[in-house]
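Here is what each chain is made of, one letter per residue.
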Amino acid sequence: MNKNKQKDIRRSRRRIGIRKRVSGTPTRPRLAIYRSLNHVYAQVIDDMAGTTLCSASSQDKAAKIDGTSGNVKSAESVGTLLAERAKAAGVTNVVFDRGGFKFHGRIKAFADAARKGGLEF
């Protein structure tokens, strides 16, 4: 089997295990992150109501990314932007859903920037 296919299978298994344990409530919504090769996307989700409270991505003009958008610096700016938008929506405590990605690199940079921006998880 292809090496990339194996990585996708392992990530999907990790994702399923995480989603069994992590759920967003109105008092503590879920912060879900997705990273592609070129971009980083994040949402704050209330799973009980099935609504997205706020979102941010490296494609947003407000993220102020110069150059490539799939690196650690862009993940940090997206984390800061999401923290600002979440605070404006009245959210301070969240549950972090890393989407099966390892807590390393861009995911860690995003989480650290969101914590610095005022989110608690």
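Above this text you will find the structure in question.
What you are looking at is a predicted structure, and each value in this text was computed from that prediction instead of being measured.

About the criteria used
- Residues numbered from 1 in each chain as written.
- Predicted model: local features only at pLDDT ≥ 70, side-chain atom pairs only at ≥ 80, totals over all residues.
- Heavy atoms only, no water.
- Helix = DSSP H or I, 4+ residues; strand = E, 2+ residues; numbered from the N terminus.
- Rg over C-alpha atoms; globule rule 2.2 N^0.38 Å.
- Buried < 20%, exposed > 50% of the residue type's maximum accessible area, 1.4 Å probe, protein only.
- Contact = heavy atoms within 4.5 Å.
- Areas by Shrake-Rupley, 256 points an atom, 1.4 Å probe, with all protein chains shown as cover.
- Lys, Arg positive; Asp, Glu negative; His and termini not counted.
- Charge placed at Lys NZ, Arg CZ, Asp CG, Glu CD.
- Salt bridge = Lys/Arg side-chain N within 4 Å of Asp/Glu carboxyl O.

### Concerning the overall build of the protein chain
Part 1 of the argument: Scanning the protein chain from terminus to terminus reveals three helices and four strands.
Part 2 of the argument: Compactness check: the protein chain gives a C-alpha radius of gyration of 14 Å against a globular reference of 14 Å for 121 residues, within 12% of the reference.
Part 3 of the argument: Counting only C-alpha atoms, the protein chain reaches 45 × 35 × 20 Å along its principal axes.
Part 4 of the argument: Within the protein chain, buried positions represent 38% of all 121 residues.
Part 5 of the argument: Contacts in the protein chain between residues at least 24 apart in sequence constitute 59% of all its contacts with a sequence separation of at least 6.
Part 6 of the argument: For the protein chain, the accessible surface area stands at approximately 7,300 Å², while carbon and sulfur atoms represent 48% of it.
Part 7 of the argument: The centroid of the 25 positive side-chain charges in the protein chain is displaced by 9 Å from the centroid of its 10 negative side-chain charges.

### Some points on the pattern of salt bridges
Part 1 of the argument: Per the stated rule, a full pass over the model turns up six salt bridges.
Part 2 of the argument: The shortest N-O distance in the salt bridge between Asp-97 and Arg-30 comes to 2.8 Å. Here Arg-30 lies in strand β1 (residues 30-35) and Asp-97 lies in strand β4 (residues 95-97), a separation of 67 residues in the sequence. Comparing Asp-97 with Arg-30 shows no difference in burial state: the two are buried.
Part 3 of the argument: Note that Arg-115 is salt-bridged to Asp-112, the shortest N-O span being 3.6 Å.

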